[in-house]
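# Structural overview
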Amino acid sequence: MWPQSLQVQEEYKLGEDTMNKEIIEKLGRHLLDAQENRREVSKITTEHPELTVEQAYDIQEQIVRSKLEQGLRIIGPKMGLTSQAKMKQMNVDDPIYGYVFDNMVVTGQDISLSDYIHPKVEAEIAFVLGQDIQGPGITGAQVLAATEYVIPALEIIDSRYENFQFTLPDVIADNASSSGVIFGNVIKRPEQLELDLLGVTLSINGKIKDLGAGAAVVGHPAHSVAMLANMLARKGLKLRAGEIILTGGITGAILLSEGDSVSARFDGLGSVDFTVGA
Amino acid sequence: MSDLETKFAEHLEQAVATGRGVAPITEMKPDITIQEAYGIQLVTIGNKVTAGSRIVGKKIGLTSLAMQQLLKVDQPDYGHLLDDMVVENGGVISFSSVLQPRVEAEIAFVLKKELIGPHVTAAEVLLATDYVLPALEIVDSRIADWKIKLQDTVADNASSGLYVLGGKPVKPDAVDLTLAGMAFYKNGELMNTGVGAAALGNPAACVAWLANKLFEFGIGLKAGEVILSGALSAAVNAVPGDHFRARIAHLGEVSVSFQE
């Protein structure tokens, strides 16, 4: 997987000159505007078919910087496209990442549909690091050793693109569809759980909509964090102690509707619940 | 034993004798009922018992919403497990002993008390269970190309083939089966994941359904019987050389290989 990724990275560099800073800033503002106004937009690759993965991350960085300038704080990074099904669908070998901000954390028991465009929910395991992790070459075992706690979470993803339709660079530029997260109330040390066999059911209004085990996330949720550390290392970045990392959906993403009562049950980690208001 | 049962039992036995799938029964007799299909199954099992096989348990099929939707049914079905269907954990299956095998991961129950319907509950199933084990079921169809409708698979012993049990028995009070996660691998590659709840919301509820269904035929589940409670994930096709492995949380793992 690695040699191919490096090869792809070389290709990004070739494309870099074709898109100047001004366009990247414009596209960043465009997506930020869509998010702030809860308005769906057509995907940016329609107008910029040449957009590369690296340029897409530049746009994402632009959005992240704007949010930080607004005074928002990063809770931690999140991984996307971590399931085989989604990677196959997008025809990629590596997952993607984005950032979750403090204003995305749902603290009550309900969300309002009007705060989103077309939100979907998926069940995940979040990792809280006790130590910094600096790639490259990080393994899942190293991640587990550096992890203080794992927490059950429901992530709300909300692509800013029409009908949730996008290509890989589109979704990366859109901060990996980040929009919300609800954490459970149970925390556990990682050695207390067999995380790849941790079973999860996701129900809406009492009916199971999807289910799976931790292995659905690139074989093991800790592997997802290791891949993230190694991806960030290519940019000279690291994972920091205290960050809460969303590792990727164990279940598929289920579209939310007004009146939905959402409940995810995690083996050994309790349940996470919320309702969807207007 | 009716003429219809004898005729279609022979039809299905033809597939095993020749090693080639046969035409769907529902094509030969479109108005065949589910009750008649179970009658055919009981005749084929009776013939095997007469030939020296022993019934060691039951299997429950069509427990997932996906399978029920595929066959347009709203309830599971069941088949019989015979002593010659067992493969040792880690064993090798010769392709000459199967027709068109598919593999799926399940939770197996071994009973310590009998269960007699028609009002058995999931809680009673757990109380009557000696232990649970991870299992691989090798489903197979005597109907060519798996072109089955509900009546076809019911007549064909619920598409039973072979089964493998993991080596570590676990008491039913040691695990919440509904949330026990499962990871299923073919040749080392993750094929799918699931949890116990994939089987009708609760594997024990599947066994309760079976006990209650069997009551219609005047049959009870006996102490010592092995019950395969239903797939936790989609079945995966097998070809010679393939290796399958399932891991189930708290229950350990089970594996099997195929050869020419």
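Read on for a plain summary of the structure.

Reading the values: rules and limits
Residues numbered from 1 in each chain as written. Chains lettered and ligands numbered in written order. Predicted model: local features only at pLDDT ≥ 70, side-chain atom pairs only at ≥ 80, totals over all residues. Heavy atoms only, no water. Helix = DSSP H or I, 4+ residues; strand = E, 2+ residues; numbered from the N terminus. Rg over C-alpha atoms; globule rule 2.2 N^0.38 Å. Buried < 20%, exposed > 50% of the residue type's maximum accessible area, 1.4 Å probe, protein only. Contact = heavy atoms within 4.5 Å. Lys, Arg positive; Asp, Glu negative; His and termini not counted. Charge placed at Lys NZ, Arg CZ, Asp CG, Glu CD. Phe/Tyr/Trp six-rings, centres within 6.5 Å; stacked < 30°, edge-to-face > 60°. Buried area = accessible area lost by both parts, 1.4 Å probe. Salt bridge = Lys/Arg side-chain N within 4 Å of Asp/Glu carboxyl O. Nonpolar A, V, L, I, M, F, W, Y, C, P; charged D, E, K, R; others polar. Pairing = 2+ DSSP bridges. Axes fitted to C-alpha atoms, helices over the stretch in contact; angles between N-to-C directions. Core = buried A, V, L, I, M, F, W, Y, C linked by side-chain atoms within 4.5 Å. 1 Å grid on protein atoms, 1.4 Å probe; cavity = no way out; pocket = protein on both sides within 12 Å on 5 of 7 lines; lining within 4 Å. Points joined across faces, edges and corners; volume = space filled by probe spheres on them. Expected span 1.5 Å × (residues − 1). Arc of directions from axis to C-beta. Polar contact = N/O pair within 3.5 Å; in protein donor to acceptor, adjacent residues only side chain to side chain.

### Thoughts on the overall build of chain B
Across its full length, chain B holds 7 helices and 13 strands. Its C-alpha radius of gyration of 17 Å places chain B within 12% of the 18 Å reference for a compact globule of 260 residues. Considering only C-alpha atoms, chain B reaches an extent of 50 × 45 × 35 Å along its principal axes. Looking at chain B as a whole, 59% of its 260 residues are labelled buried. Taking contacts inside chain B between residues at least 6 apart in sequence as the whole, the part at least 24 apart equals 74%. Of the charged side chains in chain B, 21 are positive and 30 negative; the average position of the first set lies 2 Å away from that of the second.

### Observations concerning the overall build of chain A
Tallying secondary structure elements over chain A gives 8 helices and 12 strands in all. For 278 residues, the compact-globule estimate of 2.2 N^0.38 gives 19 Å, and the C-alpha radius of gyration of chain A, at 18 Å, lies within 12% of that figure. By its C-alpha atoms, chain A is 50 × 45 × 35 Å across when sized along the principal axes. Within the span of chain A, comprising 278 residues, buried residues form 56% of the whole. Pairs at least 24 apart in sequence give 76% of the contacts found in chain A among residues at least 6 apart.

### Focus on the packing of aromatic side chains
Residue and element names in this part refer to chain B. In total, this model carries 10 aromatic pairs over all chains according to the counting rule given. With 5.7 Å between their ring centres and 65° between their planes, phenylalanine 95 and phenylalanine 258 make a pair best called edge-to-face. Of this pair, phenylalanine 95 sits in the loop between strand E4 (92-94) and strand E5 (102-111) while phenylalanine 258 sits in strand E13 (residues 252-259), and the two are 163 residues apart along the sequence. Judged by its relative accessible area of 18%, phenylalanine 95 falls in the buried class.

### A closer look at the interface of chain B and chain A
The partner chain A presents 17 residues to the 19 residues of chain B that form the contact. Summing the contributions of chain B and of chain A, the shared interface buries around 1,300 Å²; its carbon and sulfur component is 57%. For the interface between chain B and chain A, the tally reads 3 salt bridges. In this structure, B:Asp176 and A:Arg265 form a salt bridge, with 3.4 Å as the shortest nitrogen-oxygen distance. Contributions of two or more residues to the side of chain B that touches chain A are made by strand E8 (181-186), strand E9 (189-195) and strand E12 (243-248) of chain B. The leading source of residues in the side of chain B that touches chain A is E9(B), at 5 residues. Within the side of chain B that touches chain A, the residues separate by chemical class into 11 nonpolar, 5 polar and 3 charged.

### Considerations on the sheet that holds strand E12 (residues 270-277) of chain A
All names here are of chain A. Strand order in this open sheet of 5 strands is E3-E12-E11-E7-E8, and the pairing throughout is mixed. Here the strands that pair on one side only, and so sit at the sheet edges, are strand E3 (110-112) and strand E8 (207-213). Each adjacent strand pair in this sheet contributes to an overall mean axis angle of 20°, direction not counted. The sheet contact formed by strand E11 (residues 261-266) and E12 spans 6 bridges and is antiparallel. Counted as the bridge partner of valine 262 is phenylalanine 274 from E12.

### Remarks on the pairing of E11(A)
Residues and elements named next belong to chain A. Covered by surrounding structure in E11 are Val262, Ala264 and Phe266 only, the residues Ser261, Ser263 and Arg265 on the alternate face being uncovered. Where strand E7 (residues 199-204) and E11 come together, 5 bridges link them in antiparallel fashion. Bridging from a neighbouring strand, threonine 201 pairs with arginine 265 of E11. Hairpin remark: E11 followed by E12, antiparallel, with 3 residues in the connecting loop; positive phi at glycine 268, about 85°.

### Notes on the environment of A:Ala226
All names here are of chain A. Here alanine 226 lies in helix H8 (residues 221-233). Residue classification places alanine 226 among the buried positions, given a relative accessible area of 1%. As a C-alpha pair, alanine 226 and aspartate 132 span 94 residues in sequence and 12 Å in three-dimensional space. Beyond its immediate chain neighbours, meaning those up to four positions away, alanine 226 contacts Ile138, Thr139, Gly140 and Val143.

### Notes on the sheet that holds E12(B)
Hydrogen bonding along the main chain pairs the strands of a sheet, whether they run parallel or antiparallel. All names here are of chain B. One open sheet accounts for 5 strands, arranged E4-E13-E12-E8-E9; its pairing is mixed. Each end of this open sheet is capped by a strand with a single partner; those strands are E4 and E9. Averaged over all neighbouring strand pairs, the angle between strand axes comes to 20°, with direction disregarded. Taken together, the 5 bridges between E8 and E12 define a ladder with antiparallel strand orientation. The residue of E12 that forms the bridge with tyrosine 185 is arginine 245.

### Focus on the nonpolar core
Residues A:Leu154 and A:Phe274 are the most contacted members of the largest nonpolar core, which totals 88 residues. Ranked by residues supplied to this core, first place goes to H8(A) with 8 residues. Not counting chain neighbours up to four residues away, the residues in contact with A:Leu154 comprise A:Val121, A:Glu122, A:Ala123, A:Gly180, A:Val181, A:Ile182, A:Leu202, A:Val262, A:Ala264, A:Val272 and A:Phe274. Among the nonpolar cores identified, the runner-up in size contains 87 residues, and B:Val43, B:Leu62, B:Val170 and B:Val256 belong to it.

### Brief notes about empty space enclosed by the protein
All names here are of chain B. Per the stated rule, a full pass over the model turns up 1 cavity of 30 Å³ or more. Taken as a whole, the largest cavity encloses approximately 50 Å³ of empty space. Together, Ile34, Tyr38, Gln75, Pro76, Asp77, Leu150, Val154, Trp209 and Lys213 line the largest cavity. Among the elements of the structure, helix H3 (34-50), helix H6 (150-155) and helix H7 (203-215) are those that each provide at least two residues to the lining of the largest cavity. Classifying every residue of the lining of the largest cavity gives 6 nonpolar, 1 polar and 2 charged.

### Some points on helix H2 (residues 21-36) of chain A
All names here are of chain A. Given a rise of 1.5 Å per residue, 16 residues ought to cover 22 Å, and the 22 Å separating the end C-alpha atoms of H2 matches this to within 8%. Turning to H2, its buried residues number three or more, namely Ile24, Leu27, Gly28, Leu31, Leu32, Ala34 and Gln35. Burial along H2 is one-sided: seen end-on, the buried residues are contained in an arc of 155°. Turned more than 90 degrees away from the buried face of H2, the exposed residues are Glu22 and Arg29. In this structure asparagine 20 caps H2, since a side-chain oxygen of it lies 3.1 Å from the backbone nitrogen of glutamate 22. A positive phi of about 50° marks arginine 38, the residue just after H2.

### A closer look at the side chain of A:Asn175
Residue and element names in this part refer to chain A. Assignment of secondary structure puts asparagine 175 in the loop between helix H7 (168-173) and strand E6 (178-183). A residue is classified by how much of its surface remains accessible, and asparagine 175, at 2% relative accessible area, is buried. Discounting residues that sit within four places of it in the chain, asparagine 175 has contacts with Gln60, Gly98, Tyr99, Phe101 and Met104.

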